[in-house]
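An overview of the molecular structure
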Amino acid sequence: MKKLFLDDLRSIDMVYNKSMESEFDIVRTYDEFVTYIIKNGLPNHISFDNDLGLGEDGKVAPDGLAAAKWLVYESELDLRNLTFKVHSANPVAAEQIRGLLNNYIKHLKKI
């Protein structure tokens, strides 16, 4: 079972039990997230942070919500069996990510 952890700062043991570290691959940026999935396919589980710091240009980097939007609107992947957790400390963005993915997955399961 492939699991992906999107977070610019946290380590896996800050969110999950330390014994689960080997189950996850870590990506630190939106671009790494997209590249990972294009290269490796959709993981079974994704753990989302939202705020991903600053980009190389010093501007706010694309965030976890942008990653979720890419999955829904651009990836063309079947997300019906995807499980996810949002571990972001940003409550508004966390709810937006959860809402987007839950609603889209529910829609796919009705088709």
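The rules behind the values
- Residues numbered from 1 in each chain as written.
- Predicted model: local features only at pLDDT ≥ 70, side-chain atom pairs only at ≥ 80, totals over all residues.
- Heavy atoms only, no water.
- Core = buried A, V, L, I, M, F, W, Y, C linked by side-chain atoms within 4.5 Å.
- Buried < 20%, exposed > 50% of the residue type's maximum accessible area, 1.4 Å probe, protein only.
- Helix = DSSP H or I, 4+ residues; strand = E, 2+ residues; numbered from the N terminus.
- Contact = heavy atoms within 4.5 Å.
- Arc of directions from axis to C-beta.
- UniProt positions renumbered as here; feature names shortened; annotations may be inferred.
- Axes fitted to C-alpha atoms, helices over the stretch in contact; angles between N-to-C directions.
- Parallel < 35°, antiparallel > 145°, perpendicular 65-115°, else oblique.
- Left-handed = near helix turned anticlockwise from the far one by under 90°.
- Nonpolar A, V, L, I, M, F, W, Y, C, P; charged D, E, K, R; others polar.
- Phe/Tyr/Trp six-rings, centres within 6.5 Å; stacked < 30°, edge-to-face > 60°.

The protein chain goes by Cyclic-phosphate processing Receiver domain-containing protein in an unreviewed UniProt entry, where it is assigned to Algibacter lectus.

1. Remarks on the nonpolar core
With 27 residues, the main nonpolar core has Phe 33, Ile 37, Ile 46, Phe 48, Leu 71, Leu 79 and Leu 101 as its most contacted residues. For this core, the secondary-structure elements that each account for two or more residues are strand E1 (3-6), helix H1 (30-40), strand E3 (45-48), helix H2 (64-74), strand E4 (83-86) and helix H3 (91-110). In this view, Ile 37 contacts Leu 4, Leu 42, Pro 43, Ile 46, Trp 70, Leu 71 and Leu 77; residues no more than four positions away in its chain are not counted.

2. Let's talk about the environment of Ala 93
Looking at the element boundaries, Ala 93 is found in helix H3. Assessed through its relative accessible area of 5%, Ala 93 is described here as buried. The spacing of Ala 93 and Gly 64 is 29 residues in sequence and 8.3 Å in space, taken between C-alpha atoms.

3. What to know about H1
Every buried residue of H1 is accounted for by Tyr 30, Phe 33, Val 34, Tyr 36 and Ile 37. The buried side chains of H1 occupy one side of the element, clustering within an arc of 160° when seen end-on. Away from its buried face by more than 90 degrees, H1 exposes Asp 31, Ile 38 and Lys 39. Check the buried side of H1 and you find it contacts E1, strand E2 (24-27), E3 and H2. Gly 41 sits one or two residues past H1 and shows a positive phi near 85°.

4. So, the UniProt feature "domain: Cyclic-phosphate processing Receiver" (unreviewed entry) in the protein chain
Per the UniProt entry, the sites bearing "domain: Cyclic-phosphate processing Receiver" (unreviewed entry) are residues 3-103 in this numbering. Between the C-alpha atoms that bound residues 3-103 the distance is 21 Å, and the span itself is 35% helix and 16% strand.

5. Considering the packing of H2 against H3
Contact geometry of H2 with H3 gives a least axis separation of 9 Å together with a crossing angle of 10°. Classified by the angle their axes make, H2 and H3 are roughly parallel. Seen along the crossing, H2 lies across H3 with a hand that is left-handed. Between H2 and H3, the contacting residues are Gly 64, Leu 65, Ala 68, Lys 69, Val 72 and Tyr 73 on the first element and Gln 96, Ile 97, Leu 100, Leu 101 and Tyr 104 on the second. Of the residues belonging to the contact of H2 with H3, the class tally is eight nonpolar, two polar and one charged.

6. Quick word on the packing of aromatic side chains
Here a ring pair, both rings aromatic, is described through the centre-centre distance and the interplanar angle of the planes. The full count for this structure, using the stated rule, is five aromatic pairs. With 6.0 Å between their ring centres and 80° between their planes, Phe 5 and Phe 24 make a pair best called edge-to-face. Of this pair, Phe 5 sits in strand E1 while Phe 24 sits in strand E2, and the two are 19 residues apart along the sequence. Residue Phe 24 is classed as buried on the basis of its relative accessible area, which comes to 7%. Taking the centre distance of 5.9 Å and the plane angle of 45° together, the rings of Phe 33 and Phe 48 count as tilted. One end of the pair, Phe 33, is in helix H1; the other, Phe 48, is in strand E3, with 15 residues separating them in the sequence. Classification of Phe 33 as buried rests on a relative accessible area of 0%. On the basis of relative accessible area, Phe 48 is assigned to the buried category, the value being 0%. Members of the aromatic cluster, joined through ring pairs, are Phe 5, Tyr 16 and Phe 24.

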